Amino acid sequence: MLKSLLRDLRAHKARLAMTLVAIVLGVTATVAAWVVSDSVAATLAAREQRSGVAAVVRSPGNQPELTAADRDRLSRLPGVARADGVLIARAGLVGRNGKLVKAETVPDFAGTNWVGADRFRIKDGKAPSRRGEVALSADAAKKAHVKVGDTVTVLLANGRSDRAAVTAVFDYRNLGPTVDADTQTPADRVPSVAYDDATARSLLGGAFHRVELTARPGAAPKTIAAAARAAVPSDRAVGTGAQLAAASERQADKEAGDLRLTMLPFAAVTLLVGMFVIANTFGMLIEQRRRRYALLRAVGAKRRQVRFSLIVEATVLGLIGGTLGAGLGAALGPLLLGLMRTGEDLHYVVSPTAILLGYAVAVVVSVLAAYGSARRAAAVPPVAALRVDGTIPRETKRTRVVLGTGAIVLGAVLVLVTAAPSVSNQARIVGMAGAVLATVGVLLLAPLIAEAVLNPVARLVAGRGAALRMGVRNAARDPHRTAGTAAAITIGLGLVCAFATLSATFTALVGSTTRANTPPGTVALRSAAGGESTLTPAEMSTVGSLPGVTAVAGGRDMIVKLRHSGGETQRKISAIEPAALRTVLSPKMTKGVPDLTQGAVISRNQADMLGLGLGDRFTLLPGRGGPIETRVVGVYDATELQASLFIDVARIPAPLRQSVTTIYATGPDPRAVRQTIDRAFANRPDVEVTDRDGLARQGLDEQRIAFTLMYAMFGVAIVVAVFGVVNTLVLSVMERTREIGVVRAVGARRSLIRSTIAVESIVICLFGAVLGVLVGVAVGAVLQHVALGQRLWDITVPVGTIALAIGGLSLVGIVAALWPARRAARTDVLVAIAAE
Amino acid sequence: MTQENAAVRASGLTKRYGSGDAAVTALDGVDVAFEKREFTAIMGPSGSGKSTLMHCVAGLDKPDGGEVWIGGTKLSGLSDDQLTDLRREKVGFLFQAYNLLPTLTALENITLPFDLAGRRPDQKVIDRIVDALGLRQRLHHRPTELSGGQQQRVACARALVTEPEVVIADEPTGALDSGSSAELLRRLKRSVDELGETVVMVTHEPSAAAYADRVLFLADGRIVDEMAEPTADSVLDRMKALEKVGR
């Protein structure tokens, strides 16, 4: 059995190659995703952590409130060898081009003082020691294109700036995570700029962000932490070095996990489609080998043995594909890493898990895909060997109709039941599953649809040229074959259309909401550093004092916990002056009034999701200060991607008012206001002056990662679609050598065979494409509902992209048909008709 | 045997397969002519070159040496397209394994050659042939819905429908039971006698050969004998004699 099997594998090299490519693609994606996330995790874990610090005392919030007296008191605690007061303040490095350098850490937290036990490792130069000297992180120096000896400009808080000579380039050694893990675990962001202690205290401010305590030999960190806790007010957070190290590790794990989560869907998509291709290939394989199985059965092979032989075949293919895929994936890893995290030194790790996973996926997927075919092969009756003709019993039409219709109906019900924008995440996943289920149903019904659609078309072209007539008829008469081939295109184009619909809706949404809720005359100011960086009230008062400016407001965006009758969740809110909603912003109210002095104004979409109505009460819990009780006084139109809940800025604790995300300003003559503001901030590279359209663009920029992800999915979908089209067309022609031989013998010229196959391919491609567009846009509607919390029908159909995709795939279909058509035309008549 | 009256004629046909020591001579200078309105059977032991002769005469295979004429047309020097057109217009085929297209109905299979040529078939000719082969009730069935005998009769109708110079039949009864075989052969013979067709049939069954007007015996790539007005018994005797000589 095994020998005949291996011989068989060798005999069908082309089919072997097709199946292998399908497996290899999927495995490569999986292994590459794993390698990338492992490498990132390893890189994060390998980030140098300081171990010398026993405990850290931290100011509340992110506001520096620890004084030199606090530090000195802490330094006198038993067991403490030294106490270092660490300053964290605003400092933006200006690059050679006069623009703000976008370093790893936003300017808000990028300045510090050159103190601490082993915080800095000098790569080049010497530590700064007096005013006029500064040290830069390696990252910042590289991005600013400066080196030791150069003079740089550093932008400080309140619009001040400093010129200093670079004396050192350093590597920073972290203590704890680089982002705030929770209120008890301070972030130790990598500073871009470090001054000597005295200069720092005069330039950056006198109060410390935190005090780091180093223990004397033999002193227990826990004891020191306990003593420190007793020595400072209760709102100062105290943690040991070990706790921080653990938090840092958790952060690394979480980042790697998140990355894995974003990458694995690609692998899943390729694998799913890979499975489809493998299943298709095996399906054709057993059609061709029907007689051989019948013969085996006739000479005494049991059903189980036939089935087993196919499973072994799939396993062998899986192992070969797994080896190639794992190798390719491991090789592709560094490339992907380079693309995703440019300019970072990354550790490249290929773990045994990644390789094993690749193999497991390859074998499991191949066997699963081949299992249906194996069962069918085993069902071949021995008598089939004795008959020249006769087909394998397929599942009956009725089962197909019942299953397909059932899947569509059930899927549609699932989608509709979960269609409300306010549904929970679980319900959204159920809705998505419904969409997938309905798609499967459509694929099941595809042969029947093909029959229903193509037969009339065949009648329509009955009087035309021989190639057209025969090509269409071929496609119409074997709906199973047509649907099987078209399914690859349907899936591919469906994926493309679904993601195109999602991204088009997303784009339209982000821009339109900003445009709808901001008057055209409003000037907006934001930090040029992007990310979580902010401006300060200082810039607000500068704007307010400019001539012609009559209204100024500062939106303070922040993530808070929101407690409502339905539970507790995290939300991005914006605290702003109440007057803003009538001057610099113009929310399109659907209910209530835009009066923040009375309560909160919330977007319709948020209100739907949280189940909040006009007058409903809820509580906000910002990081600092007590809970804020408020109620809904107004509802407006917006998307969930933006801060979509406004409250009065007076309600939030004073320290939180210091970080202004966006400053809005307007006046009787908006153009003059814009010019005045532009002039006033001409020498402030850290401030970006823009308007409504600029904000809309920035909104899109902020979602760049989401877009990149969508476009990457797009890419995978297209690769898969193209591959599926080529594969199935080639196979469907190979399957028909004998038929083509007969037609040749009876008198069809080579050119006729070529054009007939080409017509058939185009018909199949178009059928698959139309089905794919319909399915894709429908799934896209569900996808945007699931991802963006929109209503199902609030979609933007990307007509251009879809037209391009149909055109492109049809072209691919034609090109993909050329090779098999040539091959078919060259068919040796004698060999073809003699083939048994 | 008047050469002018021949539907198909071949002279000095030679065909070798392989090279060197492994070379096999399938045809060794065969001269043969099949006259119009004649039913010829070709017999011979396995490996005698029957099928090769068939393929060369039908323009499916190219001989290494010699010449073939179908009607008045010399085959050598024709391009693939010209050869294809010739096959379509002047040669009808019947294969052992019916070789019908599964996606087409019986009628569509029968009119396939016209389809390929882009011509309208002559309805009268079709009616005559369909009735002669007793397929009237089966015209709209797919091949899978037909019995083996019926399928072969459809293939037979397809071979006859272009009113070709010659119908080439390669073991047409090989896959049929004796009843279906007899019926097919009777109808083939009638197409020669009544419709004026020319049929050349390769077979290894003496009972099938008995339907022919003439039997040619092939051995080692040469025509070694010929028999007119054959019966199953006389053919069987001759075959046995040939096989003894072969040993």
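Calculation rules
- Residues numbered from 1 in each chain as written.
- Chains lettered and ligands numbered in written order.
- Predicted model: local features only at pLDDT ≥ 70, side-chain atom pairs only at ≥ 80, totals over all residues.
- Heavy atoms only, no water.
- Helix = DSSP H or I, 4+ residues; strand = E, 2+ residues; numbered from the N terminus.
- Expected span 1.5 Å × (residues − 1).
- Buried < 20%, exposed > 50% of the residue type's maximum accessible area, 1.4 Å probe, protein only.
- Arc of directions from axis to C-beta.
- 1 Å grid on protein atoms, 1.4 Å probe; cavity = no way out; pocket = protein on both sides within 12 Å on 5 of 7 lines; lining within 4 Å.
- Points joined across faces, edges and corners; volume = space filled by probe spheres on them.
- Nonpolar A, V, L, I, M, F, W, Y, C, P; charged D, E, K, R; others polar.
- Contact = heavy atoms within 4.5 Å.
- Buried area = accessible area lost by both parts, 1.4 Å probe.
- Salt bridge = Lys/Arg side-chain N within 4 Å of Asp/Glu carboxyl O.
- Polar contact = N/O pair within 3.5 Å; in protein donor to acceptor, adjacent residues only side chain to side chain.
- Pairing = 2+ DSSP bridges.
- Axes fitted to C-alpha atoms, helices over the stretch in contact; angles between N-to-C directions.

K.L.:
For helix 11 (residues 397-417) of chain A, give the residues involved together with the corresponding values.
P.N.:
Residues and elements named next belong to chain A. Helix length check: helix 11 (21 residues) gives 30 Å between terminal C-alpha atoms against 30 Å at 1.5 Å per residue, within 8%. Residues of helix 11 that are buried include every one of Arg400, Gly404, Ala407, Gly411 and Val415, and no others. In an axial view of helix 11, the angular spread of the buried residues amounts to 65°, which keeps them on one side of the axis. Within helix 11, the exposed residues directed more than 90 degrees away from the buried face are Arg398, Val402, Leu416 and Val417.

K.L.:
Give me the lowdown on empty space enclosed by the protein, citing residues and values where you can.
P.N.:
Residues and elements named next belong to chain A. In the structure shown here, the tally under the stated rule is 10 cavities of 30 Å³ or more. A volume near 170 Å³ is recorded for the largest cavity. Those elements giving two or more residues to the lining of the largest cavity turn out to be helix 13 (466-477), helix 20 (737-746) and helix 21 (750-788). Split by residue class, the lining of the largest cavity holds 8 nonpolar, 2 polar and 3 charged.

K.L.:
Break down the interface of chain A and chain B for me, citing the residues and quoting the values.
P.N.:
Counting residues at the interface gives 27 residues for chain A, matched by 27 residues for chain B. Summing both sides of the interface, chain A and chain B together bury roughly 2,500 Å²; the carbon and sulfur share of this comes to 57%. Among the residues of chain A in contact with chain B, A:Arg477, A:Val746 and A:Leu830 are the three that bury the most area, contributing 25% of the side total. Our enumeration of links across chain A and chain B arrives at 6 salt bridges. B:Asp80 is the salt-bridge partner of A:Arg750, the closest N and O atoms lying 3.7 Å from each other. At the surface where chain A touches chain B, the tally comes to 8 residue pairs in polar contact (both at pLDDT 80 or more). Going through the elements one at a time, helix 13, helix 20, helix 21 and helix 23 (829-834) of chain A are the ones with two or more residues in the side of chain A that touches chain B. For the side of chain A that touches chain B, the element with the most residues is helix 20 of chain A, which contributes 7 residues. Taken together, the residues of the side of chain A that touches chain B break down into 12 nonpolar, 3 polar and 12 charged.

K.L.:
Tell me about the sheet that holds strand 11 (residues 210-215) of chain A, and name the residues and values.
P.N.:
All names here are of chain A. Spatially, the 4 strands line up as an open sheet ordered 2-11-1-12, and their pairing is antiparallel. Whereas interior strands pair on both sides, the edge strands pair on one side only; in this sheet they are strand 2 (80-86) and strand 12 (237-240). Mean inter-strand twist for the sheet, computed between neighbouring axes without regard to direction, equals 20°. As paired elements, strand 2 and strand 11 share 6 bridges and run antiparallel to each other. Bridge assignment links glycine 85 to a residue of strand 11, and that residue is valine 211. Where helix 3 (residues 68-75) meets the sheet, it contacts strand 1 (53-58), strand 2 and strand 11, and its direction lies at approximately 165° from that of strand 2.

K.L.:
Residues and numbers for helix 20 of chain A, please.
P.N.:
Burial within helix 20 of chain A is extensive, with 8 of its 10 residues counted as buried. Two residues or fewer past helix 20 of chain A, A:Gly747 is found with a positive phi of approximately 125°.

K.L.:
Residues and numbers for the pattern of salt bridges, please.
P.N.:
Within this structure, the stated rule accounts for 41 salt bridges over all chains. When the shortest N-O distance is used, the salt bridge between B:Glu38 and B:Arg214 registers 3.2 Å. Taken as a pair, B:Glu38 in the loop between strand 2 (24-35) and strand 3 (39-43) and B:Arg214 in strand 9 (residues 214-219) lie far apart in primary sequence, 176 residues in all. In this structure, B:Glu38 and B:Arg214 share a single accessibility class: buried. One salt-bridge network, in which partners are shared between bridges, spans A:Arg749, B:Asp81, B:Asp85, B:Arg88 and B:Glu89.

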